[in-house]
Amino acid sequence: MTSTELVDALAKVRPVVRNILMKASLGADLDDVMQDVWLSAHRSQANFDPEKGRLEQWVTRIAQRRAYDHLKLSNSVSGLQSTIEHAAGYGLGTDLALVSADVAEDIVNRSADRDLLSNILMMTRKVIGHEAAFTRTVALLTVYDEDVRAAALGLRVSEDCIRDSRRETIRASQVIQKALALHEMQASLNLRNLFACLPSDEGDSGTWARHLTIAVVRCGGFQNVNAESLVEVTGWAFNTCRQYLNETRRLLEIARTVIETGRVDHEPSSTSQQ
């Protein structure tokens with residue numbers, strides 16, 4: 001098989017992929033899927049046996065699999081509500097791992113709390129800085145049953161990328177869940193309540209945002225601090241302080257928005273917190 005032959009075969013199967021995607025109103029994703037088809041065919045070209053069939057037939061089978069993989073992934077994101085109900089019905093609530101452990105069991109057992117979880121997930125999707133990170137996390141939890149290796153292979157990204165996406169999504173969802181509870185209580189907007197919304201476990205989300213906030217307060221507040229001053233207080237590397245400072249500001253802004261309004265209409269701005 002030459003590169004020219006493969007390109008010609010891809011051109012012939014392009015209408016097949018388009019037809020599959022158009023049935024789900026995903027025609028705009030055609031080029032992305034075709035790129036996946038090319039990568040799959042290129043990586044597995046040693047498996048092509050011309051005695052078992054024509055190259056076009058072989059590429060067509062690959063193209064159909066990649067197209068239906070894309071439909072499955074898209075459905076896992078757009079169908080959040082049905083995913084939650086399915087999980088609740090089959091006792092898979094803990095697999096979602098998007099809320100704190102002490103409320104996970106109640107959430108899957110009560111319809112009102114399933115609605116709450118749906119709301120949290122949809123709000124999380126809005127505030128995640130990278131749509132792909134949220135999509136990968138939903139796929140990991142609902143399609144690949146939290147198997148990081150399988151998700152990495154299926155989505156054609158590294159295992160570290162899957163883990164990073166999961167951590168980012170969980171951090172945002174935990175902040176939103178806690179902030180929503182404070183909003184329902186009509187809690188005051190103050191540093192204590194904002195601090196309470198930050199992740200507090202040693203798992204995927206970590207406690208670094210809380211440690212950094214304490215360090216920021218010691219340095220005079222977010223408006224008076226920078227990465228250099230945090231290096232002196234925390235002992236962390238400069239790049240770590242810079243990354244954590246930006247992310248903590250974002251998480252606190254998410255918390256502020258949700259405590260005040262009970263919703264997020266768009267990704268919050270990166271205004272500073274006192």
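Just so it is clear, the model here is predicted, and its values are computed rather than measured.

Draft legend 1. Fine view of the overall build of the chain. On a plain count of helices and strands, the chain comes out with 14 helices and 0 strands. Counting every position in the chain, which comprises 274 residues, the buried fraction comes to 45%. Sequence-distant contacts in the chain: of pairs separated by 6 or more residues, those separated by 24 or more amount to 62%. Just so you have it, the chain exposes about 14500 Å², and 47% of that area is on carbon and sulfur atoms.

Draft legend 2. Expanded view of the packing of aromatic side chains. Evaluated as defined, the whole model comprises 3 aromatic pairs. Here the aromatic rings of Phe48 and Trp58 are separated by 5.4 Å at their centres, their planes lie at 50°, and the arrangement is tilted. Linking Phe48 in the loop between helix H2 (30-43) and helix H3 (55-78) with Trp58 in helix H3, this pair joins segments that are 10 residues apart in sequence. Of the two residues, Phe48 and Trp58, neither departs from the other in class, the shared state being buried. Measuring from centroid to centroid gives 4.1 Å for Trp208 and Tyr244, while their planes differ by 15°, and the two rings are stacked. Residue Trp208 is located in helix H12 (residues 208-218), and its partner Tyr244 is located in helix H14 (residues 238-261); the two are separated by 36 residues in the primary sequence. For Trp208, a relative accessible area of 13% translates into the label buried. Within the aromatic cluster, the residues linked to one another by ring pairs are Trp208, Trp236 and Tyr244.

Draft legend 3. Structural context of the nonpolar core. Formed by 35 residues in total, the largest nonpolar core has its most connected members in Ile176, Leu230 and Val258. Counting only elements with at least two residues in this core, the list comes to helix H7 (111-127), helix H8 (131-142), helix H10 (159-184), helix H11 (191-197), H12, helix H13 (227-234) and H14. Broken down by element, this core gets its largest block of residues, 9 residues, from H14. Dropping the residues within four chain positions of it, Leu230 is found in contact with Leu212, Ala215, Val216, Cys219, Val225, Gly235, Cys241 and Leu245.

Draft legend 4. Summary view of the confidence of the model for the chain. Across the chain, the average pLDDT comes to 77, with 76% of residues at or above 70. The low-confidence segment residues 76-113 (pLDDT under 50) makes 56 contacts with residues lying over four places distant or belonging to another chain. Scored below 50 in pLDDT, residues 268-274 makes 19 contacts in the model with residues more than four places away or belonging to other chains.

Draft legend 5. Summary view of the pattern of salt bridges. Applying the stated criterion across every chain yields a total of 10 salt bridges. Glu253 is paired through a salt bridge with Arg256; the nearest N and O atoms lie 2.5 Å apart. In this pair, Glu253 and Arg256 both sit in helix H14, 3 residues apart, roughly one turn of the helix. In this structure Glu253 comes out as buried when scored by relative accessible area, which is 2%. Given the relative accessible area of 23%, Arg256 is considered partly exposed.

Draft legend 6. Looking closely at helix H1 (residues 3-22). With 20 residues, H1 ought to run about 28 Å at 1.5 Å a step, and its terminal C-alpha atoms sit 28 Å apart, in line with that. Where H1 is concerned, the buried positions are Leu6, Ala9, Leu10, Val13, Val17, Ile20 and Leu21.

Draft legend 7. Looking closely at H14. With 24 residues, H14 extends 35 Å between its outermost C-alpha atoms, agreeing within 8% with the 34 Å of an ideal straight helix rising 1.5 Å per residue. Note on H14: the residue one or two positions beyond its end, Gly262, has a positive phi of about 75°.

Draft legend 8. Here's a closer look at unusual backbone geometry. Of note in the backbone geometry, Arg156 takes a positive phi value of approximately 60° without being a glycine. When you line up the elements, Arg156 lands in the loop between helix H9 (148-155) and H10. If you check the backbone angles, Gln186 has positive phi at about 55° while not being a glycine. Counting through the fold element by element, Gln186 comes out in the loop between H10 and H11.

Draft legend 9. Up close: the packing of H10 against H14. One can describe the packing of H10 onto H14 by two numbers: an axis separation of 8 Å at closest approach and a directional angle of 30°. Overall, the two elements H10 and H14 adopt an arrangement that is roughly parallel. Regarding H10 and H14, the two cross each other, and that crossing is right-handed. Across the interface between the two elements, Glu168, Arg171, Ala172, Val175, Ile176, Ala179, Leu180, Leu182 and His183 of H10 pack against Glu247, Arg250, Leu251, Ile254, Ala255, Val258, Ile259, Glu260 and Thr261 of H14.

Here is what the cut-offs are and how they apply
Residue positions are counted from 1 within each chain, in the order its sequence is given. Local features in a predicted model are, by the rule used here, given only for residues with pLDDT of at least 70; side-chain atom pairs are given and counted only at 80 or more, and totals for whole chains, interfaces and linings are based on all residues. Think of the side-chain values as coming from all heavy atoms in the structure, minus any hydrogens and water. Here a strand is any run of E in DSSP of at least two residues, a helix any run of H or I of at least four, and the numbering for each starts at the N terminus. Only protein chains enter the accessibility calculation, which uses a 1.4 Å probe; a residue whose area is less than 20% of its type maximum is buried, one above 50% is exposed, and one in between is partly exposed. Pairs of residues are marked as contacts when any of their non-hydrogen atoms sit within 4.5 Å. Computed with a 1.4 Å probe, the accessible areas rest on the Shrake-Rupley method; for each residue, only the protein chains presented here act as cover. By convention, a stacked pair of Phe, Tyr or Trp rings (six-membered ring in the case of Trp) has centres within 6.5 Å and planes under 30 degrees apart, an edge-to-face pair has planes over 60 apart, and any other such pair is tilted. Grouping buried Ala, Val, Leu, Ile, Met, Phe, Trp, Tyr and Cys residues that are joined through side-chain atoms within 4.5 Å yields what is termed a nonpolar core. A score from 0 to 100, pLDDT tells how confident the predictor is in each residue. What makes a salt bridge here is a side-chain nitrogen of Lys or Arg within 4 Å of a carboxyl oxygen of Asp or Glu, nothing more. Expected helix span is computed as 1.5 Å times (number of residues minus one). Inter-axis angles, ranging from 0 to 180 degrees, are taken between N-to-C directions of lines fitted to C-alpha atoms, where helices are fitted over the stretch in contact. Roughly parallel here means an angle under 35 degrees, roughly antiparallel means over 145, roughly perpendicular means 65 to 115, and every remaining angle is called oblique. If you view the pair so one helix is near and one far, a crossing is left-handed when the near helix is turned anticlockwise from the far one by less than a right angle, and right-handed when it is turned clockwise.

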